[in-house]
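Architecture at a glance
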Amino acid sequence: ANGNKAILALIRGALPELRPSERRVARLVLEDPEAVAHLSVAEVARRSDTSGTSVVRFTHAMGFDHYRDLRIAIANDAMRETYDAAGAPFAAGDIGRNDSLAQIVRKVSYSETRSIADTALVLDTDKLAEAVRLVSEAPRVDIFGVGASSIVGLDLQQKLVRVGKPALAWADAHGALTAAATLGEGCVAIGVSHSGATAGPVEFLETARERGAKTIAVTNHGASAVARAADVVLTTAARETTFRSGALGSRIAQLLVLDCLFVGVARSDYDRSMTALRDTYGAVRRLGAG
């Protein structure tokens, strides 16, 4: 059985890849996990307008052999989320038309805090360690994402350059694909995509892989197209809201994952990294003093 402590985050991430009937079960769970934790297979099937077979398939899709184990995991995770939310009254939920600025601040901060906490729970440290190794050994690292993900890629590029790691972040698909076509053995391509379905990052990783480069995907959906194009998948657990197009939770979750990747790379050659950070800080400081 799956021992994942953040089963609700896992379900959110799996939504796009589930069959329609399984997706209805998933949405029922996410709407009221505490209630579902006390329902039988038959009752879940009735409330989600599907069949017992679909509930069992959903159970297996989430990595559990038995529905009762899934139910226990849902109950435990719902309790954790309720406890975490206890100190943030009126913070949960989507942003409403008539929310005050104070309510908006509470809701945005709660959503982003939960995205960070859930991502920390689901992030596979073995996969992170493999990504750290690949980037540490790479003669060159290229990063590509679209929209808000491109900003996250630029942030990683700036950090890697500061510790002496050649890195390029691409803001457009043509530039990214051109760069991917020039990568070779040992180089690393990182594709960042919340949905995992954005064509640009998928093609970027596929092209880089064809040239012999190692590929890393950062995505909220571990069974997505961008994940299938990657040698290593680092999964986020961002929460979607009415304002998902603003990439509120996804951006902050991606930053967490890539910050962990950067720190791992910097630690792998600690003395060299500290020297590079001091040197780059000194160079920038002299520019400011001028």
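Note that the structure is a prediction, hence the values are computed from the model and not measured. (Residues numbered from 1 in each chain as written. Predicted model: local features only at pLDDT ≥ 70, side-chain atom pairs only at ≥ 80, totals over all residues. Heavy atoms only, no water.)

1. Re the packing of helix α1 (residues 7-14) against helix α2 (residues 20-31)
A pair of packed helices is characterised by two quantities: the angle between their axes and the separation of those axes. The interhelical angle for the contact between α1 and α2, taken along N-to-C directions, is 140°, at an axis separation of 10 Å. Relative to α2, α1 is oriented oblique. Viewed along their axes, α1 and α2 form a crossing whose handedness is left-handed. Where α1 approaches α2, its residues Leu8, Ile11 and Arg12 are matched on the opposing element by Ala26, Val29 and Leu30. When its residues are assigned to classes, the contact of α1 with α2 shows five nonpolar, no polar and one charged. (Axes fitted to C-alpha atoms, helices over the stretch in contact; angles between N-to-C directions. Helix = DSSP H or I, 4+ residues; strand = E, 2+ residues; numbered from the N terminus. Parallel < 35°, antiparallel > 145°, perpendicular 65-115°, else oblique. Left-handed = near helix turned anticlockwise from the far one by under 90°. Contact = heavy atoms within 4.5 Å. Nonpolar A, V, L, I, M, F, W, Y, C, P; charged D, E, K, R; others polar.)

2. Observations concerning the pattern of salt bridges
Throughout the structure, instances matching the rule amount to 15 salt bridges. Between Asp118 and Arg114 there is a salt bridge; the shortest N-O distance is 3.0 Å. Pair noted here: Asp118 and Arg114 are both in helix α7 (residues 101-122), with a separation of four residues, about one helical turn. Classification of Asp118 as buried rests on a relative accessible area of 0%. Between Arg140 and Asp142 there is a salt bridge, with its nearest N and O atoms 2.7 Å apart. The class of Arg140 is partly exposed, set by a relative accessible area of 22%. Through salt bridges with shared partners, a single network forms among Arg12, Arg114 and Asp118. (Salt bridge = Lys/Arg side-chain N within 4 Å of Asp/Glu carboxyl O. Buried < 20%, exposed > 50% of the residue type's maximum accessible area, 1.4 Å probe, protein only.)

3. Remarks on the packing of helix α10 (residues 173-180) against helix α11 (residues 199-210)
Two numbers describe how α10 lies on α11: the axes approach to 8 Å, and their chain directions differ by 15°. With respect to their mutual orientation, α10 and α11 come out roughly parallel. Our pair here, α10 against α11, has a crossing hand that is right-handed. From α10, Ala176, Leu177 and Ala180 reach across to α11, where they touch Glu203, Phe204, Thr207 and Ala208. Split by residue class, the contact of α10 with α11 holds five nonpolar, one polar and one charged.

4. A word on the sheet that holds strand β2 (residues 167-170)
Strand pairing in a sheet is mediated by backbone hydrogen bonds. Such pairs are either parallel or antiparallel. The sheet built from five strands is open, its strands ordered β2-β1-β3-β4-β5 with parallel pairing. Whereas interior strands pair on both sides, the edge strands pair on one side only; in this sheet they are β2 and β5 (232-235). Direction aside, the axes of adjacent strands within the sheet are offset by 15° on average. Here five bridges tie strand β3 (residues 188-192) to strand β4 (residues 214-219), and the two strands are oriented parallel to one another. Directly across from Ala189, in β4, lies its bridge partner Thr215. (Pairing = 2+ DSSP bridges.)

5. Describing unusual backbone geometry
Look at Asp49: it is not a glycine, yet its phi comes out positive at around 55°. Its place among the elements puts Asp49 in the loop between α4 (41-47) and α5 (52-61).

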